[in-house]
Amino acid sequence: ARTAAALVQRTLPAAGTTLLQARKVTKRFGGLVANNAVSMDVKAGEVHALIGPNGAGKSTFFNMISGVDDATEGEVRLMDRAMLRRPSREFARLGMARTFQHVRLLGQRSVVENVALGAHQRARRGWIASMLRLDRAEEAALLAEARRQIERCGLGAFADTPAASLALGQQRIVEIARALAGQPAILLLDEPAAGLRHLEKRALADLLRQLRAEGLGILVVEHDMEFVMNLADRITVLEFGTVIAEGTPHDVQRNQRVLDAYLGGGDDEPQPPAAPAVAPSSLTPTPGAAA
Ligand code: ADP
Ligand code: MG
């Protein structure tokens, strides 16, 4: 009972609840409008994808809605609270977690130690105290929580393995487990499928479907159109900082502005060798090709 009490528990909002509301979020860098009045909702129990050519403003938008940077204009509400100019730590406290485009694990430390770091914000003593000098009940609680999240993500067999010895696809899932250890209601994923093999992508998609069914809201930036089209409930398409389309995968892949944006050759995002370049043809999901 003491170990359970050492971690703050969060009750997840019911499916369909709006977790994040962005309203007319604008970001200017000097004369450049990186985000132009972008509005979007993310709800509990859905996967929402944010796509668009390189330079469209996706990463900027992630920074606007996670407190990494401040919008020039507009409004961001998380759990129905106004978040303008709040620090990213406050977003995490309210239930947002994110992963980054490049794997950020301590390679020589075990999977369970890496994931335990994600639980630190739930510890009562604060993370610096947690890193330096844990009290034993709290340390036990963090490690138990980490093991629970690793099991949840299907990596139980690797809990005590050094993170660096895992395949890239597994490392990405460790990062998601670490994010989950903060007990988020909303998860932001920046290109989680980049560089993964087909089977790894499939495992990742299965995990995201499971988390969606458990009631999380997931916002994902991803260039792999097959992955996006087969997974997302809704898609928002950015071009030059402006939303040019929003809707179901079915609607978006038939939208002429979206097709033009991709045909325009604006997408020169560097692609890892294993991942196919985003081409107009890949806007059409090809069932069976993922095998
Ligand atoms: P995406 O993630 O869709 O590829 P970004 O959000 O990274 O696009 O960039 C959108 C635009 O904003 C680009 O033209 C980029 O050069 C510009 N930009 C991004 N961050 C900054 C910054 N800190 N200062 C100036 N310009 C920036
Ligand atoms: Mg980017």
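Refer to the structure presented above.
Parameters and conventions
As a convention, each chain's residues are numbered from 1 in the sequence order in which they are written. Both sets of labels track the order of writing: A upward for chains, 1 upward for ligands. At least 70 in pLDDT is required for a residue's local features to be given in this predicted model, at least 80 for side-chain atom pairs to be given and counted, and no such filter applies to totals for whole chains, interfaces and linings, which use all residues. Excluded from the side-chain calculation are hydrogens and water; included are all heavy atoms of the structure. Secondary structure elements follow DSSP: runs of H or I no shorter than four residues count as helices, runs of E no shorter than two count as strands, and numbering proceeds from the N terminus. For the exposure calls, accessible area comes from a 1.4 Å probe over protein chains only, and a residue counts as buried if that area is under 20% of its type's maximum, exposed if over 50%, partly exposed in between. Whether two residues are in contact is decided by their heavy atoms: any pair within 4.5 Å suffices. Areas reported here follow the Shrake-Rupley algorithm with a probe of radius 1.4 Å; residue values treat only the protein chains shown as occluding. Here, a strand pair is defined by DSSP locating no fewer than two bridges between the strands. Any pair of N or O atoms that falls within 3.5 Å is considered a polar contact. Within protein, one atom must be able to donate a hydrogen and the other to accept it, and sequence-neighbouring residues count only if both atoms are side-chain atoms. Working convention: axes come from line fits to C-alpha atoms, limited for helices to the stretch in contact. Angles between N-to-C directions cover 0 to 180 degrees.

## A word on the overall build of the protein
From N to C terminus, the protein includes eleven helices and ten strands. Taking all 291 residues of the protein together, the buried fraction comes to 48%. For the protein, restricting intrachain contacts to residue pairs at least 6 apart in sequence, the fraction spanning at least 24 positions comes to 70%. Put simply, the protein shows about 13,400 Å² of open surface, and 53% of that area lies on carbon and sulfur atoms.

## Let's talk about the pairing of strand 4 (residues 73-78)
Put simply, side chains in a regular strand alternate between the two faces of the sheet. The sheet contact formed by strand 1 (residues 18-29) and strand 4 spans five bridges and is antiparallel. Each residue of the ladder has a partner; that of Arg23, found in strand 4, is Glu75. Here two bridges tie strand 4 to strand 5 (residues 81-82), and the two strands are oriented antiparallel to one another. Residue pairing for strand 5: Leu78 is matched across the bridge by Arg81. In this structure, the hairpin formed by strand 4 and strand 5 is closed by a connection of two residues, where Met79 is found at a positive phi of approximately 50°.

## Quick word on the side chain of Arg212
You can see Arg212 is positioned in helix 8 (residues 198-213). A polar atom in the side chain of Arg212 sits 2.9 Å from the backbone oxygen of Leu231. Contacts of Arg212, omitting those with residues within four sequence positions, involve Gly45, Glu46, Val47, Ile218, Leu231 and Asp233.

## Section: the environment of Met225
Here Met225 shows up in helix 9 (residues 225-231). When the C-alpha atoms of Met225 and Gln253 are compared, they prove to be 9.6 Å apart, with 28 residues separating the residues in sequence.

## Re the pairing of strand 2 (residues 32-43)
As defined by bridge partners, strand 1 adjoins strand 2 across eight bridges and the pair is classed as antiparallel. Directly across from Thr18, in strand 2, lies its bridge partner Lys43. What sits between strand 1 and strand 2 in their antiparallel hairpin is a turn of two residues, with Gly30 showing a positive phi close to 60°.

## So, the sheet that holds strand 7 (residues 186-190)
With mixed pairing, the six strands of this open sheet are ordered in space as 6-7-8-3-9-10. The sheet is open, and its two borders are formed by strand 6 (96-98) and strand 10 (242-247), each paired with just one other strand. Recorded for the sheet is a direction-independent mean angle of 15° between the axes of neighbouring strands. Pairing of strand 7 with strand 8 (residues 217-221), which is carried by five bridges, proceeds in the parallel orientation. Following the sheet pairing, Asp190 is matched in strand 8 by Val221. The strands touched by helix 8 within the sheet are strand 3 (47-51), strand 7 and strand 8, with strand 8 carrying the most contacts at an inclination of about 150°.

## Examining the sheet that holds strand 4
Pairing is antiparallel in the open sheet, where four strands are placed in the order 2-1-4-5. Single-partner strands in this sheet number two, and they are strand 2 and strand 5. Along the sheet, helix 2 (residues 58-65) makes contact with strand 1, strand 2 and strand 4, crossing strand 1 at roughly 120°.

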